[in-house]
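Coordinate analysis (summary)
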Amino acid sequence: MRETSGRLLALLGLFQTPRTWPAADLAARLGVGERTARKDVERLRALDYPIDTIRGPRGGYRLGDQGKLPPLLLDDDEAVAIAVGLQAVTAVRGIEESSALALAKLEHVLPSRLRRRVRALHESTSTGPANTATNVTDPAVDPALLTELAVAVRDHVGIRFDYRDGEHVEAEPYRLVSWQQRWYVVARERRTRDWHSYRVDWMRLKAPGGPRFRPDPLPGGDYTAFVLRQVAFAGWSVHARIEVDAPAEEVLARINPTVGVVETVDDDRCVLVTGGDSLEIVAVWIGMLGLDFRVSEPPELVDHIRTLADRYARALPAG
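Residues numbered from 1 in each chain as written. Predicted model: local features only at pLDDT ≥ 70, side-chain atom pairs only at ≥ 80, totals over all residues. Heavy atoms only, no water.

**What to know about the confidence of the model for the chain**
Per-residue pLDDT for the chain averages 80, and the proportion of residues at 70 or more is 80%. The element-level mean pLDDT for the chain is lowest in helix 4 (residues 76–89), coming to 67, with strand 3 (residues 159–162) highest at 95. (pLDDT = per-residue confidence, 0-100. Helix = DSSP H or I, 4+ residues; strand = E, 2+ residues; numbered from the N terminus.)

**What about the sheet that holds strand 6 (residues 195–199)?**
One open sheet accounts for 5 strands, arranged 6-5-4-3-7; its pairing is antiparallel. Edge positions in the open sheet fall to strand 6 and strand 7 (204–205), since each of these has one partner strand only. Here 5 bridges tie strand 5 (residues 182–189) to strand 6, and the two strands are oriented antiparallel to one another. Residue pairing across strands places Val186 opposite Ser197, the latter belonging to strand 6. Strands in contact with helix 7 (residues 143–155) are strand 3, strand 4 (168–179), strand 5 and strand 7; relative to strand 4, the strand with the most contacts, it is inclined by about 105°. (Pairing = 2+ DSSP bridges. Contact = heavy atoms within 4.5 Å. Axes fitted to C-alpha atoms, helices over the stretch in contact; angles between N-to-C directions.)

**Focus: the environment of Tyr49**
Turning to its location among the elements, Tyr49 is positioned in the loop between helix 3 (34–46) and strand 1 (51–54). By relative accessible area, which is 33% here, Tyr49 ends up partly exposed. Sequence separation of Tyr49 and Leu63 is 14 residues, and the distance between their C-alpha atoms is 7.7 Å. Those residues in contact with Tyr49, other than ones at most four positions away along the chain, are Leu12 and Leu44. (Buried < 20%, exposed > 50% of the residue type's maximum accessible area, 1.4 Å probe, protein only.)

**What about helix 7?**
With 13 residues, helix 7 should cover 18 Å at 1.5 Å per step; its first-to-last C-alpha distance of 18 Å lies within 8% of that length. Those residues of helix 7 that fall on the buried side of the exposure criterion are Leu145, Leu146, Leu149, Ala152 and Val153. What you see down the axis of helix 7 is that its buried residues fit within an arc of 125°, all on one side. Looking one or two residues past helix 7, His156 carries a phi angle of roughly 55°, positive in sign. (Expected span 1.5 Å × (residues − 1). Arc of directions from axis to C-beta.)

**Digging into the sheet that holds strand 8 (residues 238–244)**
Spatially, 9-10-8-11 is the arrangement adopted by the 4 strands of the open sheet, whose pairing is antiparallel. Looking at which strands have only one partner, the edges of the open sheet turn out to be strand 9 (260–266) and strand 11 (293–297). For this sheet the average axis-to-axis angle between neighbouring strands, irrespective of direction, equals 25°. With 7 bridges connecting them, strand 8 and strand 10 (residues 269–276) associate as antiparallel partners. Its bridge partner being in strand 10, Arg241 is matched across the sheet by Val273. Its contacts with the sheet put helix 10 (residues 279–287) on strand 8, strand 10 and strand 11, and the angle it makes with strand 10 is roughly 145°. Strands strand 8 and strand 11 of the sheet are contacted by helix 11 (residues 299–315), whose axis makes an angle of about 135° with strand 11.

**Considerations on the pairing of strand 9**
Relative to strand 10, strand 9 runs antiparallel, the two being bridged by 6 bridges. Among the inter-strand pairings, Val262 is bridged to a residue of strand 10, identified as Leu272. Here strand 9 folds back onto strand 10 in antiparallel fashion, the turn holding 2 residues.

**Some details on the pattern of salt bridges**
Across all of its chains, the model carries 18 salt bridges by this definition. Asp40 is the salt-bridge partner of Arg43, the closest N and O atoms lying 2.6 Å from each other. In this pair, Arg43 and Asp40 are both assigned in helix 3, 3 residues apart and thus about one turn of the helix distant. Accessibility expressed as a relative area gives 33% for Arg43, which makes it partly exposed. The salt bridge involving Arg269 is made with Asp266; its shortest N-O contact spans 2.9 Å. (Salt bridge = Lys/Arg side-chain N within 4 Å of Asp/Glu carboxyl O.)

**Let's talk about the packing of helix 2 (residues 23–30) against helix 3**
Packing of helix 2 against helix 3 brings their axes to within 8 Å, and their N-to-C directions diverge by 95°. It follows that helix 2 is roughly perpendicular to helix 3 by the angle criterion. Between helix 2 and helix 3, the residues in contact are Ala23, Ala24, Leu26, Ala27 and Leu30 and Glu34, Ala37, Arg38, Asp40 and Val41, respectively. Taken together, the residues of the contact of helix 2 with helix 3 break down into 7 nonpolar, no polar and 3 charged. (Parallel < 35°, antiparallel > 145°, perpendicular 65-115°, else oblique. Nonpolar A, V, L, I, M, F, W, Y, C, P; charged D, E, K, R; others polar.)

**With respect to the packing of helix 1 (residues 4–15) against helix 2**
Describing two packed helices takes the angle between their axes plus the distance from one axis to the other. Where helix 1 meets helix 2, the axes come as close as 10 Å, and the angle between the chain directions of the two elements is 125°. One element, helix 1, and the other, helix 2, form an angle in the oblique class. You can see that helix 1 and helix 2 cross each other, and the crossing is right-handed. The residues of helix 2 that touch helix 1, namely those facing Arg7, Ala10, Leu11, Leu14 and Phe15, are Leu26, Arg29 and Leu30. Of the residues in the contact of helix 1 with helix 2, the class split is 6 nonpolar, no polar and 2 charged. (Left-handed = near helix turned anticlockwise from the far one by under 90°.)

**Regarding the side chain of Asp40**
Among the residues examined, Asp40 registers a relative accessible area of 0% and is labelled buried. Those residues in contact with Asp40 that lie beyond four places of it in its chain are Thr4, Arg7, Leu8, Leu11 and Leu30.

Have a look at this one:
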């Protein structure tokens, strides 16, 4: 259970959301009984916070208008930019509720003129799925884990974690990179001194972390490009090597360079090293090349394409 001062701060934070809070809801959020929650409300009143009591079956408590925080020092464009950003991240798994609450609190503390603009934007906007390019559910974002990694990057403190294949890793983190609804941390493995990118949703941090380190940045300093190259080779759930009947230059002209690496075989053939989060997505990508190709690995992808070939053949009209 939190100490009284901590509960009062948490209670004030809840009251910044413009809604009526039943005592039972406050108690659940604070991790106390309803009697304690009611006493905490009275403590805030004793500190001159105007907490209104709403009677009736849908009653409860809410902060009076004169108890709002001071207006934020934002101009029109800044307020709208924050609102757009918060609206967008309500579709990101793991932080939907936090984003919605933050947007509500933003509206609550803005001056009335800006509040109307932000509320109009919020009420007039719908947010589609964050990722429609895959049939695999986006991994949930863990805000606490991202925060821990960000602090380690900032303070040059090593991290220790278990990775998805059971590997135990000790590394020096340098940068967080967000791409395609996934988060990566670029780090230097402590023992080998090799650079790697690790998917954050595949990491399980261990405590305590590693020792502090003296920064020795990635050559060139382009951490995002490094992540894209690494993902092409090792960051997907499914990896494939596709032999394509076309020169490497033609394949490169047809793909986004972030989805794969092209290796020249001869003047008329090349190999595309690519991947994705599912067999279905990889099959779609290589089908969109518009070129003849052969798949030799992984065996699961070979079987999937064979199944697709039969399915498409059955879809053709007879004769």
